[in-house]
Amino acid sequence: MELTNITFNELDGELNISNTIIINKDTTIQSFLDSINNEYVEELIRKDANMICTLKKINFKLNDVYLKFRDNRISSIALRNFQGVIGWENWSIENVRHDLEIQKQWLEDNINQLPSVISIGEGLESKRINYTFSWGEITSSYDSRSGDSSIFIKYNRC
């Protein structure tokens, strides 16, 4: 089965990928590993109670999904590489605008509240939008130094 859709519930911080991979603030390393089919895992680095997992390309607008676990619990999720292009050699203003438009659309489709912080540099120097929730926060950003745009979901530690 192909992964084709990512939805998010802002009330509880649950990320749902094609009704196959469901992650929320209570997801542990073991519950994640028990629920995921290895065919979806691109890379898995585990060291004791910490783990980083990169999911294989999703046939949707978000190409890279990185999961980070700390002390056996999910700590953050990064959604990036919307254009499917990595590195400065493939950078273009059109790709940046495309990525930012996809990020904006994803936020509008999944987040109903107004952002708590908006920081926009001149031109495309940098953009950062931050949403704060009881379970954690979401940051959408573009950094001109790295040429990277991403949506970053960070869960509060209990």
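As a reminder, the structure under discussion sits directly above these lines.
Because the structure is a prediction, the values reported are computed rather than measured. (Residues numbered from 1 in each chain as written. Predicted model: local features only at pLDDT ≥ 70, side-chain atom pairs only at ≥ 80, totals over all residues. Heavy atoms only, no water.)

S.K.: I'd love a proper account of unusual backbone geometry, names of residues and values included.
M.R.: Here S18, not a glycine, exhibits a phi torsion of approximately 50°, which is positive. Overall, S18 belongs to the buried group, its relative accessible area being 14%. Its identity is not glycine, yet D48 carries a phi of approximately 55°, on the positive side. The topology assignment puts D48 in the loop between β4 (41-47) and β5 (50-55). Residue classification places D48 among the exposed residues on the basis of a relative accessible area of 67%. (Buried < 20%, exposed > 50% of the residue type's maximum accessible area, 1.4 Å probe, protein only. Helix = DSSP H or I, 4+ residues; strand = E, 2+ residues; numbered from the N terminus.)

S.K.: Quick one: what's the story with the nonpolar core, residue by residue and with numbers?
M.R.: One recurring pattern in soluble globular proteins is that nonpolar side chains are buried together. Counting residues in hydrophobic clusters, the biggest one holds 30 residues, and the most contacted among them are F8, F32, L67, I77 and I138. Ignoring sequence-local partners within four residues, the contact set of F32 consists of I21, I23, T27, M51, C53, L55, L67 and F69. (Core = buried A, V, L, I, M, F, W, Y, C linked by side-chain atoms within 4.5 Å. Contact = heavy atoms within 4.5 Å.)

S.K.: Can you lay out the pairing of β4 for me, pointing to particular residues and giving the numbers?
M.R.: Remark: a regular strand shows side chains that alternate across the two faces of the sheet. As judged from the six bridges shared by β4 and β5, these two strands associate in the antiparallel manner. Note that in β5 the partner of E43 across the bridge is T54. Between the end of β4 and the start of β5, which pair antiparallel, lie two residues, with D48 showing a positive phi angle near 55°. (Pairing = 2+ DSSP bridges.)

S.K.: Describe the packing of aromatic side chains, and please don't skip the residues or the numbers.
M.R.: Each aromatic ring pair is characterised by the separation of its centres together with the angle its planes make. Counted under the stated rule, the structure contains five aromatic pairs. Ring plane angle 50° and centroid distance 5.9 Å describe the contact between F8 and W106, whose orientation is recorded as tilted. A residue pair is termed long-range when its members are at least 10 positions apart, and F8 in strand β1 (residues 6-9) and W106 in helix α2 (residues 93-110) qualify at 98 residues. For the pair F133 and W135, a centre-to-centre distance of 4.8 Å together with 10° between the ring planes defines the contact as stacked. Judged on exposure class, the residue F133 and its partner W135 are both buried. (Phe/Tyr/Trp six-rings, centres within 6.5 Å; stacked < 30°, edge-to-face > 60°.)

S.K.: Talk me through the sheet that holds β1; I want residue IDs and the actual numbers.
M.R.: Adjacent strands of a sheet form backbone hydrogen bonds with each other and so pair up, either parallel or antiparallel. Spatially, the three strands line up as an open sheet ordered β1-β2-β3, and their pairing is antiparallel. Lying at the two open borders of the sheet, with one neighbouring strand each, are β1 and β3 (21-23). Between one strand axis and the next, the sheet turns through 15° on average, direction left out of account. In the sheet, strand β2 (residues 14-17) pairs with β3 via three bridges, with the strands oriented antiparallel. Note on β3: the bridge partner recorded for I17 is I21. (Axes fitted to C-alpha atoms, helices over the stretch in contact; angles between N-to-C directions.)

S.K.: Account for the environment of R46, with residues named and values stated.
M.R.: Counting through the fold element by element, R46 comes out in strand β4. As for R46 and I29, which are separated by 17 residues in sequence, their C-alpha atoms are 9.5 Å apart. With residues up to four places along the chain from it excluded, the contact list for R46 reads I29, L33, M51 and N72.

S.K.: Could you give me a rundown of the pattern of salt bridges, with the residues and numbers involved?
M.R.: Pairing is possible between side chains that carry opposite charge, provided their charged atoms lie close to one another. Using the criterion set out here, one finds four salt bridges in the structure. Here R73 and D26 are joined by a salt bridge, their closest N and O atoms 3.2 Å apart. With R73 in strand β7 (residues 73-80) and D26 in the loop between β3 and α1 (29-35), this residue pair connects regions lying 47 residues apart in the sequence. Taking relative accessible area as the criterion, R73 reaches 32% and is therefore assigned partly exposed. The structure contains a network of salt bridges with shared partners spanning K25, D26 and R73. (Salt bridge = Lys/Arg side-chain N within 4 Å of Asp/Glu carboxyl O.)

By themselves these figures say nothing about function.
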